[in-house]
Amino acid sequence: MSAGHSDARTPSGGKGHLAVIDMQRVFADPASPWATPRYADAAAGVRALLPAFAGRVTFTRFLAPERPAGAWRAYYDQWPFARRPPDAELWALTDEFAGLAEHVMDATTFGKWTPELAARTGPDGRLVLAGVSTDCCVLSTALAAADAGAEVLVVADACAGVDDDSHVKALQIMELYRPLVRVTTIDDLLAEAAP
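Structural notes, computed from the coordinates. (Residues numbered from 1 in each chain as written. Predicted model: local features only at pLDDT ≥ 70, side-chain atom pairs only at ≥ 80, totals over all residues. Heavy atoms only, no water.)

**Concerning helix α6 (residues 134-147)**
Right, on to step 1. For α6, with 14 residues, the first-to-last C-alpha span of 18 Å sits near the 20 Å given by 1.5 Å per residue.
Right, on to step 2. Where α6 is concerned, the buried positions are T134, C137, V138, L139, T141, A142, A145 and A146.
Right, on to step 3. Those residues of α6 that are buried lie in contact with β1 (17-21), α5 (115-121), β4 (126-132), β5 (151-160), α7 (164-175) and β6 (181-184).
Right, on to step 4. One or two steps after α6, the chain reaches G149, where phi turns positive at roughly 100°. (Helix = DSSP H or I, 4+ residues; strand = E, 2+ residues; numbered from the N terminus. Expected span 1.5 Å × (residues − 1). Buried < 20%, exposed > 50% of the residue type's maximum accessible area, 1.4 Å probe, protein only. Contact = heavy atoms within 4.5 Å.)

So, in structure tokens, the structure goes:
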């Protein structure tokens, strides 16, 4: 467990653990095939959340596997530009977060609910999600964490989708999973977490 993890509170009231999903150059760069148009909006939302979760933040990075297997082979045949090693510039966190990320977790899957993130969140913990993209990696992480029994809060204005319509649709889908998954806003979350 990380320092400060014991400060995470259970669903009856509290802060939890913030997972900042894939705030990487490959999604921020407008010239990238995977550009997220409202990346800057999501980044501003993440910056607003970080002070409230000091010591309880995991930044994730999506990486290409060294050797894609199964259906991932067809996926990377469609996106050959992404077949790069973990230290490639496109996988780096954007500059504004690189220096702030005390804990970074890598995964070659859309969903980031790995044993490592589960351990950092705790068995009855609250997982707060922000980042990109709402309709892919955030959604995949939220549903897996909810299935595992974590209380999941998705901060709508600290996320961005591949486009506005997909962002809204993904939030609507996640909202169907209440009370396991709840969509919230930065202001509401910070007000709820205030002492």
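**Examining the packing of α6 against α7**
Right, on to step 1. Contact geometry for α6 and α7: axes closest at 9 Å, N-to-C directions at 15°. Viewed along their axes, α6 and α7 adopt a mutual orientation that is roughly parallel. Handedness of the α6/α7 crossing: right-handed. Facing T134, D135, V138, L139 and A142 of α6, the residues of α7 in contact are S166, H167, A170, L171, I173 and M174.
Right, on to step 2. Its residues assigned to classes, the contact of α6 with α7 shows seven nonpolar, three polar and one charged. (Axes fitted to C-alpha atoms, helices over the stretch in contact; angles between N-to-C directions. Parallel < 35°, antiparallel > 145°, perpendicular 65-115°, else oblique. Left-handed = near helix turned anticlockwise from the far one by under 90°. Nonpolar A, V, L, I, M, F, W, Y, C, P; charged D, E, K, R; others polar.)

**A short note on the nonpolar core**
Right, on to step 1. The biggest cluster of nonpolar side chains holds 35 residues, and the ones touching the most others in it are L18, M23, L49 and W91.
Right, on to step 2. Listing elements by their share of this core, those giving two or more residues are β1, α1 (25-28), α2 (39-49), β2 (57-62), β4, β5 and α8 (186-193).
Right, on to step 3. Among the elements that line this core, the one with the most residues is α2, at five residues.
Right, on to step 4. When sequence neighbours within four positions are dropped, the list of residues in contact with L18 reads L49, L50, F53, R56, V57, T58, V128 and A130.
Right, on to step 5. Among the nonpolar cores identified, the runner-up in size contains 23 residues, and A19, I21, C137 and L171 belong to it. (Core = buried A, V, L, I, M, F, W, Y, C linked by side-chain atoms within 4.5 Å.)

**Here we look at the packing of α2 against α8**
Pairs of packed helices are described in terms of their axes, by the angle between the two and the distance that separates them.
Right, on to step 1. Packing of α2 against α8 leaves a shortest axis separation of 11 Å and a crossing angle of 10°. By the angle class used here, α2 and α8 are roughly parallel. Along its contact with α2, which presents G45, A48 and L49, the element α8 presents I186, L189 and L190.

**Regarding the packing of aromatic side chains**
Right, on to step 1. Going through the model one piece at a time under the given rule, you end up with 16 aromatic pairs.
Right, on to step 2. Ring geometry for W34 and F62: centres 6.0 Å apart, planes at 65°, overall edge-to-face. Taken as a pair, W34 in the loop between α1 and α2 and F62 in strand β2 lie far apart in primary sequence, 28 residues in all.
Right, on to step 3. W34 sits in the buried class, given a relative accessible area of 11%.
Right, on to step 4. Taking relative accessible area as the criterion, F62 reaches 2% and is therefore assigned buried.
Right, on to step 5. Aromatic side chains W34 and W79 sit 5.8 Å apart centroid to centroid with 70° between the ring planes, which places their arrangement in the edge-to-face category. You can see W34 sitting in the loop between α1 and α2 and its partner W79 sitting in the loop between α3 (71-78) and α4 (95-98), a full 45 residues away along the chain. (Phe/Tyr/Trp six-rings, centres within 6.5 Å; stacked < 30°, edge-to-face > 60°.)

**What about the environment of V154?**
Right, on to step 1. By secondary structure assignment, the location of V154 is in strand β5.
Right, on to step 2. Residue V154 is classed as buried on the basis of its relative accessible area, which comes to 0%.
Right, on to step 3. Along the backbone, V154 and I186 are 32 residues apart, and their C-alpha atoms lie at a distance of 9.6 Å.
Right, on to step 4. Residues within four places of V154 in sequence aside, it is in contact with L129, V138, A142, C159, L171, M174, V181, R182, V183 and T184.

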